[in-house]
Amino acid sequence: MPADEQPIPSVWARPRKEREQPALSREHIVAEAVRLLDEEGVEALSMRRLGSRLSAGATSLYRHVASKDELFELAVDEVYGELPVPAPDDTGDWRASVVHVARGLRATILRHPWLAAKLGEMGLAYLGPNMLRQSEHLLGLFESAGFPLDEADQAVNTVIAYVLGISTSEAAWLSMVARSGQSEQEWLERLWPAAEQAVQDYPRLRARYAAQRGGDATKSNEDSFEYGLQRVLDGLQSRLG
């Protein structure tokens, strides 16, 4: 089959087959997949494992979802549906509106630590209705601020890339802490003596570690996120002259 006739490997690029069973719908499958990903991570998701949780065979799942890749696309868009799209801001404060969206995306990634990694490899995932809704909203915010549409698109990509980058690291850290069975503060207290010893020959790092000892890790992460986000927006705002 010629390349231009090959089917596009995405759930959003093929017609949906309506062969729903009363006890097993695509929506039911996707909701359970999200729960499995949240509880056990990306590596745990398989059609067989998911079928077992749903008391259904893998063959039954394939009637609704053609592959595991499609299932990931659907799960990503399902989680994106948790992000609210605010009503238009009559104050014209585009930065405040973008900050609201960025904070919401970070919070969603921290609730679903697998999300950030999958967003980077999802092919046509961005054709999902929830992601399209968010993308249209963000484009509108930047366009209303004065960016031409093509640059508004680049601005959206810049903000999302920042949120994904910092939130991926934070989510990975929190996942590791959760696997330890300890709180974040308990884990840090165990880690701190080795960390302080490691930086003895590096005065700037030693000073930073000493200043952070005993601090609130959650607040520190939030402060770091806010600092970086505001600097990204400062740069974008400078484009408006």
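Thresholds, definitions, all that
Residues numbered from 1 in each chain as written. Predicted model: local features only at pLDDT ≥ 70, side-chain atom pairs only at ≥ 80, totals over all residues. Heavy atoms only, no water. Helix = DSSP H or I, 4+ residues; strand = E, 2+ residues; numbered from the N terminus. Buried < 20%, exposed > 50% of the residue type's maximum accessible area, 1.4 Å probe, protein only. Contact = heavy atoms within 4.5 Å. Areas by Shrake-Rupley, 256 points an atom, 1.4 Å probe, with all protein chains shown as cover. UniProt positions renumbered as here; feature names shortened; annotations may be inferred. Salt bridge = Lys/Arg side-chain N within 4 Å of Asp/Glu carboxyl O. Expected span 1.5 Å × (residues − 1). Core = buried A, V, L, I, M, F, W, Y, C linked by side-chain atoms within 4.5 Å.

### Digging into the overall build of the protein chain
Phase 1: For the protein chain, the count of helices and strands is eleven helices and zero strands.
Phase 2: When the helices and strands of the protein chain are listed from N to C terminus, the series reads α-α-α-α-α-α-α-α-α-α-α.
Phase 3: For the protein chain, the proportion of its 241 residues judged to be buried stands at 35%.
Phase 4: A fraction of 69% describes how many contacts in the protein chain between residues 6 or more apart in sequence connect residues 24 or more apart.
Phase 5: When the accessible surface of the protein chain is totalled, it reaches about 13,900 Å², and 53% of it is carbon and sulfur.

### Concerning the UniProt feature "DNA-binding region" (unreviewed entry) in the protein chain
Phase 1: Sites flagged by UniProt as "DNA-binding region" (unreviewed entry) map to residues 46-65.
Phase 2: Between the C-alpha atoms that bound residues 46-65 the distance is 12 Å, and the span itself is 60% helix and 0% strand.

### Description of the pattern of salt bridges
Phase 1: Applying the stated criterion to the full structure yields twelve salt bridges.
Phase 2: Between E32 and R35 there is a salt bridge whose closest N-O contact spans 2.8 Å. Linking E32 with R35, this pair stays in helix α1 (residues 26-40), spanning three residues, or about one helical turn.
Phase 3: Taking relative accessible area as the criterion, E32 reaches 11% and is therefore assigned buried.
Phase 4: In this structure, R239 engages E151 in a salt bridge whose closest nitrogen and oxygen atoms are separated by 2.8 Å. With R239 in the segment after α11 (217-238) and E151 in helix α8 (residues 149-180), this pair connects stretches of sequence that are 88 residues apart.
Phase 5: Among the charged side chains, a network of salt bridges with common partners joins E32, R35, E39, E40, R49 and R53.

### So, helix α5 (residues 94-111)
Phase 1: Taking 1.5 Å per residue, 18 residues should reach 26 Å; α5 reaches 26 Å between its end C-alpha atoms and fits that length.
Phase 2: W94, R95, S97, V98, V99, V101, A102, L105, R106, T108 and I109 are the residues of α5 that are buried.
Phase 3: For α5, the elements touching its buried residues are α4 (68-80), α6 (115-119), α7 (129-145), α8 and α11.

### Regarding unusual backbone geometry
Phase 1: Not every positive phi belongs to a glycine, and S55 is a case in point at roughly 55°.
Phase 2: Here S55 is to be found in the loop between α2 (47-53) and α3 (58-62).

### What about α8?
An α-helical turn contains 3.6 residues, so a residue and the one three or four places further along point in the same direction.
Phase 1: With 32 residues, α8 should reach 46 Å at 1.5 Å per residue; the first-to-last C-alpha distance of 46 Å fits that figure.
Phase 2: Looking one or two places after α8, you find G181, whose phi comes out positive at around 80°.

### Points about the nonpolar core
Phase 1: Core analysis: the biggest nonpolar cluster contains 53 residues, and L71, F142 and V159 have the highest contact counts within it.
Phase 2: If you list the elements that add at least two residues to this core, you get α1, α2, α4, α5, α6, α7, α8 and α11.
Phase 3: Apart from residues no more than four positions distant in its own chain, L71 is found in contact with I29, V30, A33, L45, M47, L50 and V65.

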